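Chain by chain, the residues run as shown.
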Amino acid sequence: MRRRDFVKAGLGLSVSLPVRSWSAVLGSPGSIPSRTLEGSDVSLSAASVMDLAAGLRGDVLLSGGPGYDSARRIWNGMFDKRPALITRCTGASDVRRALMFAREHRLLTAVRAGGHSVSGKSTCDGGIMIDLQPMRGVRVDPATRRAYVEAGSLLGQLDHESQAHGLATTAGTFSITGAAGLTLGGGFGRLGRRFGLACDNVASFDVVTTDGRFLKASDEENADLFWGLRGGGGNFGVVTSIEYRLHPVNPMVLGGHVIWPLEQGRGAARLCRDMAIDAPDAANLSPFLYWAGTTAHFGVGVCWSGDHAEGERWLEPLRAFGRPVTDAVRPMRYVDIQSADDADYPDGIHSYAKNGFVGELTNDNIDLIFDVFLRTPGLYTMFLDHCGGAYARVAQDATAFPRRDMQFILAMWSGWKSSDGLDEKVSKMRAAWRELEPITGGFYVNYAGTDNVASRDRENYGTNFERLVALKAKYDPMNLLRLNANVPPKL
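Anyway, here's the lowdown on the structure attached to this text. (Residues numbered from 1 in each chain as written. Predicted model: local features only at pLDDT ≥ 70, side-chain atom pairs only at ≥ 80, totals over all residues. Heavy atoms only, no water.)

## Some remarks on the overall build of the chain
Link 1 in the chain: Looking only at helices and strands, the chain has 15 helices and 23 strands in total.
Link 2 in the chain: For the chain, whose C-alpha radius of gyration is 23 Å, the value lies close to the compact-globule estimate of 23 Å for 491 residues.
Link 3 in the chain: By principal-axis analysis of the C-alpha atoms, the chain measures approximately 80 × 55 × 40 Å.
Link 4 in the chain: Considering the chain as a whole, with its 491 residues, one finds that 56% of them fall into the buried category.
Link 5 in the chain: In the chain, of all internal contacts separated by at least 6 residues, the share reaching a separation of at least 24 is 71%.
Link 6 in the chain: Mean positive and mean negative side-chain charge positions of the chain (54 and 54 charges, respectively) differ by 5 Å. (Helix = DSSP H or I, 4+ residues; strand = E, 2+ residues; numbered from the N terminus. Rg over C-alpha atoms; globule rule 2.2 N^0.38 Å. Buried < 20%, exposed > 50% of the residue type's maximum accessible area, 1.4 Å probe, protein only. Contact = heavy atoms within 4.5 Å. Lys, Arg positive; Asp, Glu negative; His and termini not counted. Charge placed at Lys NZ, Arg CZ, Asp CG, Glu CD.)

## Here we look at the pattern of salt bridges
Link 1 in the chain: By the definition in use, this model includes 26 salt bridges.
Link 2 in the chain: Residues E243 and R146 are paired through a salt bridge, measuring 3.1 Å at the closest nitrogen-oxygen approach. Pair noted here: E243 is in strand β14 (residues 238–245) and R146 is in strand β10 (residues 146–150), with a separation of 97 residues, a long-range link.
Link 3 in the chain: Taking the relative accessible area as the measure of exposure, E243 reaches 13% and is therefore buried.
Link 4 in the chain: A single salt-bridge network, built from bridges that share partners, covers D69, R72, D80 and R82. (Salt bridge = Lys/Arg side-chain N within 4 Å of Asp/Glu carboxyl O.)

## A closer look at the pairing of strand β18 (residues 295–304)
Link 1 in the chain: Taking burial as the measure, the ten residues of β18 include nine buried ones, the bulk of the element.
Link 2 in the chain: Judged from the eight bridges that link them, strand β16 (residues 252–261) and β18 form a sheet pairing that is antiparallel. For V258, the partnering residue across the bridge sits in β18 and is V300.
Link 3 in the chain: Hairpin connection from strand β17 (residues 283–292) to β18: two residues lie between these consecutive antiparallel strands, with G293 at a positive phi of about 70°. (Pairing = 2+ DSSP bridges.)

## A few points about the sheet that holds strand β5 (residues 60–62)
Link 1 in the chain: Strand order across the open sheet formed by four strands is β5-β6-β8-β7, with mixed pairing between neighbours. Each edge of the sheet is formed by a strand with only one pairing partner; in this case those strands are β5 and β7 (109–112). Averaged over all pairs of adjacent strands, the angle between strand axes in this sheet comes to 20°, irrespective of strand direction.
Link 2 in the chain: Pairing analysis gives three bridges linking β5 to strand β6 (residues 85–88), with the strands arranged antiparallel. Of the residues in β6, the one forming a bridge with L62 is L85.
Link 3 in the chain: Set on the sheet, helix α4 (residues 92–105) makes contact with β6, β7 and β8 (128–131); between it and β8 the angle comes to about 165°. (Axes fitted to C-alpha atoms, helices over the stretch in contact; angles between N-to-C directions.)

## With respect to the environment of G441
Link 1 in the chain: Of note, G441 is situated in the loop between α13 (422–436) and α14 (454–461).
Link 2 in the chain: Distance in space between the C-alpha atoms of G441 and S48 is 47 Å, their sequence separation being 393 residues.
Link 3 in the chain: Beyond its immediate sequence surroundings of up to four residues, G441 is in contact with F357 and R403.

## Notes on the packing of helix α12 (residues 363–374) against α13
Link 1 in the chain: At their nearest, the axes of α12 and α13 sit 10 Å apart, and the two run at 165° to each other. Considered as vectors, α12 and α13 are oriented roughly antiparallel to each other. Viewed along their axes, α12 and α13 form a crossing whose handedness is right-handed. Residues L368, I369 and V372 of α12 form the contact with α13, whose own contacting residues are A432, E435 and L436.
Link 2 in the chain: For the contact of α12 with α13, the per-class residue count stands at five nonpolar, no polar and one charged. (Parallel < 35°, antiparallel > 145°, perpendicular 65-115°, else oblique. Left-handed = near helix turned anticlockwise from the far one by under 90°. Nonpolar A, V, L, I, M, F, W, Y, C, P; charged D, E, K, R; others polar.)

## What to know about empty space enclosed by the protein
Link 1 in the chain: For the coordinates displayed, the defined rule picks out two cavities of 30 Å³ or more.
Link 2 in the chain: Taken as a whole, the largest cavity encloses approximately 120 Å³ of empty space.
Link 3 in the chain: Of all the secondary-structure elements, those providing two or more residues to the lining of the largest cavity are α9 (265–277), β17, α12, β22 (381–386) and β23 (408–416).
Link 4 in the chain: Its residues assigned to classes, the lining of the largest cavity shows 15 nonpolar, no polar and one charged. (1 Å grid on protein atoms, 1.4 Å probe; cavity = no way out; pocket = protein on both sides within 12 Å on 5 of 7 lines; lining within 4 Å. Points joined across faces, edges and corners; volume = space filled by probe spheres on them.)

## Points about the packing of aromatic side chains
Link 1 in the chain: What the rule picks out here adds up to 17 aromatic pairs.
Link 2 in the chain: Where F373 meets Y380, the ring centres are 5.8 Å apart and the plane angle is 75°; that geometry is what we call edge-to-face.
Link 3 in the chain: Clustering of aromatic rings is evident, with ring pairs tying together F188, F357, F383, Y391, F401, Y444 and Y447.
Link 4 in the chain: Lying across the ring of F226, R230 places its NZ or CZ 3.8 Å from the centre. (Phe/Tyr/Trp six-rings, centres within 6.5 Å; stacked < 30°, edge-to-face > 60°. Lys NZ or Arg CZ within 6 Å of the ring centre and 35° of its normal.)

## A word on the sheet that holds strand β12 (residues 202–208)
Link 1 in the chain: Pairing in this open sheet of five strands is antiparallel, and the strands run β9-β10-β14-β12-β13 from one edge to the other. On the outer flanks of this sheet lie β9 (138–141) and β13 (214–217), each paired with one strand and no other. Adjacent strand axes in the sheet meet at a mean angle of 15° when their direction is disregarded.
Link 2 in the chain: In the packing of helix α5 (residues 155–163) onto the sheet, the strands contacted are β9, β10 and β14, and the crossing angle to β9 comes to about 30°.

## Looking at the pairing of β8
Link 1 in the chain: The alternating pattern of β8 places I128 and I130 on one face and M129 and D131 on the opposite face, and all of these are buried.
Link 2 in the chain: The pairing of β6 with β8 spans four bridges and is classified as parallel. Note that in β8 the partner of I86 across the bridge is M129.
Link 3 in the chain: Two elements, β7 and β8, share four bridges in a ladder whose sense is parallel. Bridging from a neighbouring strand, R112 pairs with D131 of β8.

## Some points on the state of the cysteines
Link 1 in the chain: Within the structure shown, the criterion is met by zero disulfides.
Link 2 in the chain: No disulfide involves C199; its sulfur sits 13 Å from the nearest other cysteine sulfur, which is in C387.
Link 3 in the chain: Its relative accessible area of 0% is what places C199 among the buried residues.
Link 4 in the chain: Distance from the sulfur of C303, which forms no disulfide, to the nearest cysteine sulfur (C272) is 14 Å. (Disulfide = S-S within 2.5 Å.)

Have a look at this one:
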């Protein structure tokens, strides 16, 4: 609802398009059923919502109105939720007004940036969704090697604009992922072993806090907030823009994958592990297990972002091992490898995942991973993210990100087109993960599903947790921003 869409009629109020008609949308005269932070049901007055909308450049969408159903949907189709209202923010001023409205009415509050949340916490039932997707734009300054990214932007936009200048930064492994969510949770990627996590490459954040302040967070300004935003998630405010440091990266990399039949998989996995431990920073190896119909395969995704001749020599032992059924490693554009898997993760897929950090990938651990995988045919894909390198050269307490000593991240993921049999499938995945969890320690919040409890979150952040709690108490004492990997404002 834009300001120009309102008309006042005496003491009453009516709304024209984009809302179809005020009475049809409200369901009962003059009120909108909503949900508070505490979970109780309340009614928002028509006048209060009209006042909110009048002060926004973006739209306010209500259930039953045009655009609402498309705007409420997020990437993960497991979460079919219906916010009481959606504020489509066009800038930081809209974000502030939406936050102040949520705070005033103590509304359950979800923040949607890219909308790619595995855990579904970028939406809610009955509360307010603060939608940043209209805020999309990337500006690159090649002279200073900086990228300025609005909070609704996707990683593909960042890669596209940066690579036009032969620059890049760590930016995940899918072009359809939102930049803000990835970065606030840490941010792994194919360039991370060279340059560190996405959050390690942030020069500053623009933030709107829950008390309505516009802040810049950097090493020089609000340094405590800057520390917390790098790995502490969306707990401390709504980030509206991110300034990234960029690095020279050849637009052509050695990329692709090598795949072996299952009977050669354990040997290939051990070789991959051995090579990964002492790998040059330019190397990123991503082992994975997957099903092709009823047949299981082991493969390794490859991205070498350094000198190609050096990369060919370093990769030779891996490519020469056994009898690969596929060797698709070749020179290719970095932006192409970043988007190569997007089609496997379409919008609306019913997605479930589990993950944990692995400090040491022993031969016994490799055997356990294979054995568990083979006991649940066709149910999920399993993969390992290659860590070490620049990730590990940042001090444990330099940012809020909880783990720097990991060798890999182990994850299982599956996605289904429909919800048929979903509970049974998820139950089987949970059972499989219970066998694997003992070889992990902590987890990556960006891959985490809905199963985490407060005690696990506390354990995950380790020695950084109490500092995060103090930061939460300073910037969000009412825990308005709780739909995330939540840090409470008190122990």
